[in-house]
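Structural overview
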Number of protein chains: 2
Amino acid sequence: MGRTSDAKEKILGAARTLIELRGYSALGVAEICKSAGVPKGSFYYFFDTKEALALAVIDDHWADQERTWKRILASEGEPLDRLRRLFEATQAVQRAGQRDCGTVSGCLFGNLTLEMSNQTEAIRGRLQEIFDAQVDMIDAVIVEALARGDVTVADTREAARSVVAQLEGHVLFAKLYNDTQRLGPLWANCLALLGARTEMAGGL
Amino acid sequence: MGRTSDAKEKILGAARTLIELRGYSALGVAEICKSAGVPKGSFYYFFDTKEALALAVIDDHWADQERTWKRILASEGEPLDRLRRLFEATQAVQRAGQRDCGTVSGCLFGNLTLEMSNQTEAIRGRLQEIFDAQVDMIDAVIVEALARGDVTVADTREAARSVVAQLEGHVLFAKLYNDTQRLGPLWANCLALLGARTEMAGGL
């Protein structure tokens, strides 16, 4: 049982790395198994299809990321400080990825959105749920900031969507130029999108 | 000669449609030729590799889009009006794409950036040139707007990058949710990112 569970973890880990490096369509099951060091039979013991594996990789990655987001956004401090720390954590993750792989691999969910979302409804649906959850979390922080008069948005949910969209857009360029410095303007832009009080923006 | 040139156009057209629908990696040369209605020999007469075709599709699409961008941004009117018309044109293109294909296909350059840019340096380089050219065009308009006191950015080039990043992020979500309404906040966000004068933002 221990060995079986280990094989599943190996397949998931190898698939996540390969999908981050080369996308989903370019991969074959044989390559994933070879990279994971498990026989092909193991793959089909755990996953009926390559799509089922992709969904498991997405869920696995979101479980990690959601934990990080919740920890940061539920921590001590003013709402905008917590939001700033979330952006700093995102930048740190991209820098670590570049250090490990030699190239900025971007956001797994954004990558799969542009590669896959209009091809499989199961993946589209799962990615929608994840981005909805991200927007929910950012929305809650904006609601807090609004109650304190720190920001001036008319619609907190729309503002949260714009903050996440801006994040995905900058991560796209960090990947294209293989340069995490491209993430530098994230926080100032977030404050501009939220109509943050000038003295808060000035404290950057 | 007429027939040969026609075959090249057919291959490019079919490849562009298929890449927009399903990405690059998922496609094979045989499928592209079948969709174009040309024999496989024609493909290799015009293109040495599938990557060479992808570069030709990118160039072809950019030639079209650059013409549209130049026409709009060099037209009559105040700088921010021209920028607003550019966003409206982008929304119209995405709506037309959804009407024709049943699904929002997003930005071909953004799609290929997230799918391909860390796999082939030739495609990465070409996409960088295109986004640099987009940023140049937006930058020129921001410089004009700044000279008139319509916006208050400290660094016009960085502001232009943020405007394009924001555009790509919103197009990503329009694709994921197959909903062009997701592009609705583009213009208000652009004004916020540019620190536009309140009376201009209020005129929305």
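Predicted model, so just to flag it, every value in this text is computed and none were measured. (Residues numbered from 1 in each chain as written. Chains lettered and ligands numbered in written order. Predicted model: local features only at pLDDT ≥ 70, side-chain atom pairs only at ≥ 80, totals over all residues. Heavy atoms only, no water.)

1. A short note on the relation of the copies chain B and chain A
Superposing chain B onto chain A takes a rotation of 180 degrees plus a shift of 0.0 Å along the axis, which leaves an RMSD of 0.0 Å. Classification of the inter-copy transformation places it as that of a two-fold axis. In this assembly, 100% of the residues forming the interface of chain B have copies in chain A that are likewise at the interface, indicating an isologous arrangement. (Least-squares fit on C-alpha atoms with pLDDT ≥ 70 in both. Contact = heavy atoms within 4.5 Å.)

2. Here's the deal with the environment of Asp81(A)
When you line up the elements, Asp81(A) lands in helix 5 (residues 79-101). Its relative accessible area of 29% is what places Asp81(A) among the partly exposed residues. (Helix = DSSP H or I, 4+ residues; strand = E, 2+ residues; numbered from the N terminus. Buried < 20%, exposed > 50% of the residue type's maximum accessible area, 1.4 Å probe, protein only.)

3. Things to note about the interface of chain B and chain A
Interfaces are often sized by the accessible area lost when the parts come together. Facing 41 residues of chain B, the contacting portion of chain A comprises 41 residues. Around 3600 Å² of area is buried between chain B and chain A when both sides are counted, 61% of it from carbon and sulfur atoms. Taken as a group, Leu114(B), Asn118(B) and Leu176(B) account for 18% of the area that chain B buries against chain A, more than any other trio of residues on that side. Counting every contact that joins chain B to chain A gives zero salt bridges. Broken down by secondary-structure element, the contributors of at least two residues to the side of chain B that touches chain A are helix 1 (2-22), helix 6 (108-116), helix 7 (121-147), helix 8 (156-176) and helix 9 (186-193) of chain B. Here the element with the most residues in the side of chain B that touches chain A is helix 8 of chain B; it accounts for 12 residues. Here the side of chain B that touches chain A is composed, by residue class, of 15 nonpolar, 16 polar and 10 charged. (Buried area = accessible area lost by both parts, 1.4 Å probe. Salt bridge = Lys/Arg side-chain N within 4 Å of Asp/Glu carboxyl O. Nonpolar A, V, L, I, M, F, W, Y, C, P; charged D, E, K, R; others polar.)

4. Looking at the packing of aromatic side chains
Any two aromatic rings considered together are summarised by their centre-to-centre distance and by the angle between their planes. Residues and elements named next belong to chain A. Applying the stated criterion across every chain, the model contains 18 aromatic pairs over all chains. Look at Phe 43 and Phe 47: their rings are 5.5 Å apart centre to centre, the planes differ by 50 degrees, and that puts the pair in the tilted class. For Phe 47, a relative accessible area of 4% translates into the label buried. One aromatic cluster in this structure is built from Phe 43, Tyr 44, Tyr 45, Phe 46 and Phe 47. (Phe/Tyr/Trp six-rings, centres within 6.5 Å; stacked < 30°, edge-to-face > 60°.)

5. Points about the UniProt feature "DNA-binding region" (unreviewed entry) in chain A
Mapped onto this structure's residue numbering, the UniProt feature "DNA-binding region" (unreviewed entry) falls at residues 28-47 of chain A. A distance of 13 Å separates the end C-alpha atoms of residues 28-47 of chain A, which is 75% helix and 0% strand. (UniProt positions renumbered as here; feature names shortened; annotations may be inferred.)

6. Observations concerning the packing of helix 6 (residues 108-116) of chain A against helix 7 (residues 121-147) of chain A
In helix packing, the relevant descriptors are the interaxial angle and the interaxial distance, both defined with respect to the helix axes. All names here are of chain A. Orientation of helix 6 relative to helix 7, taken along the N-to-C sense of each, is 145 degrees, at an axis distance of 10 Å. Remark: the crossing between helix 6 and helix 7 carries left-handed chirality. In this structure, helix 6 contributes Phe 109, Gly 110, Leu 112, Thr 113 and Met 116 to the contact, and helix 7 contributes Ile 123, Leu 127, Ile 130, Phe 131 and Gln 134. Here the residues of the contact of helix 6 with helix 7 are counted per class, giving seven nonpolar, three polar and no charged. (Axes fitted to C-alpha atoms, helices over the stretch in contact; angles between N-to-C directions. Left-handed = near helix turned anticlockwise from the far one by under 90°.)

7. Focus on the domain arrangement of chain A
Residues and elements named next belong to chain A. Domain annotation of chain A identifies domain 1 (1-47) and domain 2 (54-202). Spacing between the C-alpha centres of domain 1 and domain 2 amounts to 28 Å. Facing 10 residues of domain 1, the contacting portion of domain 2 comprises 14 residues. Around 1100 Å² of area is buried between domain 1 and domain 2 when both sides are counted, 66% of it from carbon and sulfur atoms. Of all residues in domain 1, the largest losses of buried area upon contact with domain 2 belong to Arg 16, Glu 20 and Tyr 24, amounting jointly to 53% of the total for that side. At the junction of domain 1 and domain 2, the tally comes to one salt bridge. Note that Asp 64 and Arg 16 form a salt bridge whose closest N and O atoms lie 3.2 Å from each other. Taken together, the links from domain 1 to domain 2 amount to four residue pairs in polar contact (both at pLDDT 80 or more). Taken together, the residues of the side of domain 1 that touches domain 2 break down into six nonpolar, two polar and two charged. (Domains from an automatic or database assignment. Polar contact = N/O pair within 3.5 Å; in protein donor to acceptor, adjacent residues only side chain to side chain.)

8. Quick word on the pattern of salt bridges
All names here are of chain A. Counted by the stated rule, this structure contains 28 salt bridges over all chains. Between Glu 66 and Lys 70 there is a salt bridge, with its nearest N and O atoms 3.6 Å apart. Highlighted residues: Glu 66 and Lys 70, both in helix 4 (residues 50-73), separated by four residues, approximately one helical turn. Take Glu 66: its relative accessible area is 24%, and that puts it in the partly exposed class. Its relative accessible area of 49% is what places Lys 70 among the partly exposed residues.

9. Examining helix 7 of chain A
The end-to-end C-alpha separation of helix 7 of chain A is 38 Å, in line with the 39 Å expected for 27 residues at 1.5 Å each. At the exit of helix 7 of chain A stands Gly149(A), carrying a positive phi of roughly 75 degrees. (Expected span 1.5 Å × (residues − 1).)

10. Examining unusual backbone geometry
Residue and element names in this part refer to chain A. Residues other than glycine seldom take positive phi values, yet Asn 178 does so here, at roughly 45 degrees. Its place among the elements puts Asn 178 in the loop between helix 8 (156-176) and helix 9 (186-193). Since its relative accessible area comes to 24%, Asn 178 is described here as partly exposed.

11. Remarks on the side chain of Ser117(A)
With respect to the element layout, Ser117(A) can be found in the loop between helix 6 and helix 7. For Ser117(A), the residues in contact, after removing those within four places along its chain, are Leu112(A), Arg124(A), Lys175(B) and Leu176(B).

12. Digging into the nonpolar core
Membership of the largest hydrophobic core comes to 139 residues, with the highest contact counts inside it found for Leu83(A), Leu194(A), Leu83(B) and Leu194(B). Not counting the four nearest positions on each side in its chain, Leu194(A) is found in contact with Leu80(A), Leu83(A), Ile142(A), Val151(A), Thr152(A), Val153(A), Ala159(A) and Val163(A). (Core = buried A, V, L, I, M, F, W, Y, C linked by side-chain atoms within 4.5 Å.)

13. Things to note about the packing of helix 6 of chain A against helix 6 of chain B
Closest axis-to-axis distance for the helix 6 of chain A/helix 6 of chain B pair is 8 Å, and the angle between their directions is 120 degrees. Relative to helix 6 of chain B, the element helix 6 of chain A is oriented oblique. The handedness of the crossing between helix 6 of chain A and helix 6 of chain B comes out as left-handed. Residues Gly110(A), Asn111(A), Leu114(A) and Glu115(A) of helix 6 of chain A form the contact with helix 6 of chain B, whose participating residues are Gly110(B), Asn111(B), Leu114(B) and Glu115(B). By residue class, the composition of the contact of helix 6 of chain A with helix 6 of chain B is two nonpolar, four polar and two charged. (Parallel < 35°, antiparallel > 145°, perpendicular 65-115°, else oblique.)

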